[in-house]
Structures are given as C-alpha cells and as structure tokens.
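Single-letter residue listing:
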Amino acid sequence: MWYRVLVSAGIIVVVTGMFGCSALRKPAQDEAPAQAVSLAEVPPAARATIERLTAGGQIRELEKAEEDGRTVYDVEATVGGRDVEYDVAADGTVLTSEQSVPYATIPPAVRTASERYFGSAEGLDASVEIEGDKAFYEVSGRKGGKPMTLKLTVDGEIVEEENE
C-alpha cells in the first residue's frame, strides 16, 4: 500500500516539475495586454515626447500597457525612412528606443554571432535598441525556415531568442 502511495507521489512530483503548475504561478505584472490608443488619449507629457520623437514621420501603432506597475506607451513609427520604436512613460521619460540600421553597420562581433546562428548574412535585418545606458542589437532572419529574432549585446552575446 505505502509503495503505491510513494510511487504515485513520485509521479506527481516529476510531472509537476516537467510541466510546471500553472495554478501556482502568479501572472507577471508586465503581461497585461496592450490597448491601442490615439495620440489624443496620451497624457500631455508623454504626448509631447512622442510628438518630438516622431516629428516628420508617421505613427503606425500606439499602445498603452502596464509594465512593472506603471503606464507605458509603446510607439511604432517610420521617421526619416527608418522604422523606430519607443517605450515612453506617462511622465514623458523615454524608457527604450529602437531604430532599424543597415546590417553592415552593426559591430563585427554581433555580425559574427548572427551569421553563426542563422548560417549566413543573407536576408538579415538589424536594429539597435537602447535601454537606459545599455545598447543591444536585434537581428531578424530565418532559421530552419522559421522567422527568428535575436537580441545581442555589443560583444555578440545572445541574450534572447524570439520566435516570431
């Protein structure tokens, strides 16, 4: 009898460890779905920053989200022929910025790591992302027929892989 109980308990522990127990997980605060908003709905300080950053360009998407307990506006735009993206806090602080750049202009270590990952430089697109005082590079391409994006440090270290 005890043997069956112990075996059953062992199986439960192994299965829970393998698949996690979603009932015990707390949802992350930054996982709230983003909500599309118009520029008129954005608080004045954030609106002024967004207008300054996208002057002469076109806003393609503007979303409001809660991240780490604060309201953030995610802006995707085309300015001067380049794709740009900004995360702007309600007080107008720019939290992150991202801008597309020619692949050939990214640091050699980033190119080497990207080409090793994707198998070649063919069809790779790049952008530079600034988070606070740190710069990261995002390189998008296809691996195994699937679209992928890598986030790399300036030294070519892969810090994130994202299936698109």
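Our structure is the block above this text.
None of these values were measured; they are calculated from a predicted model.

Cut-offs applied
- Residues numbered from 1 in each chain as written.
- Predicted model: local features only at pLDDT ≥ 70, side-chain atom pairs only at ≥ 80, totals over all residues.
- Heavy atoms only, no water.
- Pairing = 2+ DSSP bridges.
- Helix = DSSP H or I, 4+ residues; strand = E, 2+ residues; numbered from the N terminus.
- Contact = heavy atoms within 4.5 Å.
- Axes fitted to C-alpha atoms, helices over the stretch in contact; angles between N-to-C directions.

(A) Representation of the sheet that holds strand 3 (residues 70–79). Taken in spatial order, the 9 strands make up an open sheet running 1-2-3-4-5-6-7-8-9, and their pairing is antiparallel. Across the chains shown, the open sheet's two edge strands, defined by having one partner strand only, are strand 1 (35–36) and strand 9 (158–163). Running at roughly 165 degrees to strand 4 (residues 82–89), helix 2 (residues 44–53) makes contact with strand 2 (58–67), strand 3, strand 4 and strand 5 (94–101) of the sheet.

(B) Molecular detail of unusual backbone geometry. Here Asp68, not a glycine, exhibits a phi torsion of approximately 50 degrees, which is positive. By secondary structure assignment, the location of Asp68 is in the loop between strand 2 and strand 3.

(C) Structural detail: the pairing of strand 3. Bridge analysis of strand 2 against strand 3 gives 9 bridges, and the strand direction is antiparallel. Directly across from Gln58, in strand 3, lies its bridge partner Thr78. The loop that links strand 2 with its antiparallel partner strand 3 comprises 2 residues; one of these, Asp68, has a positive phi angle of about 50 degrees. Bridge count between strand 3 and strand 4: 8 bridges; the pairing is antiparallel. When the sheet's bridge partners are listed, Val75 is paired in strand 4 with Tyr86. As consecutive antiparallel partners, strand 3 and strand 4 are separated by 2 residues, and within that stretch Gly80 has a phi angle of approximately 60 degrees, a positive value.

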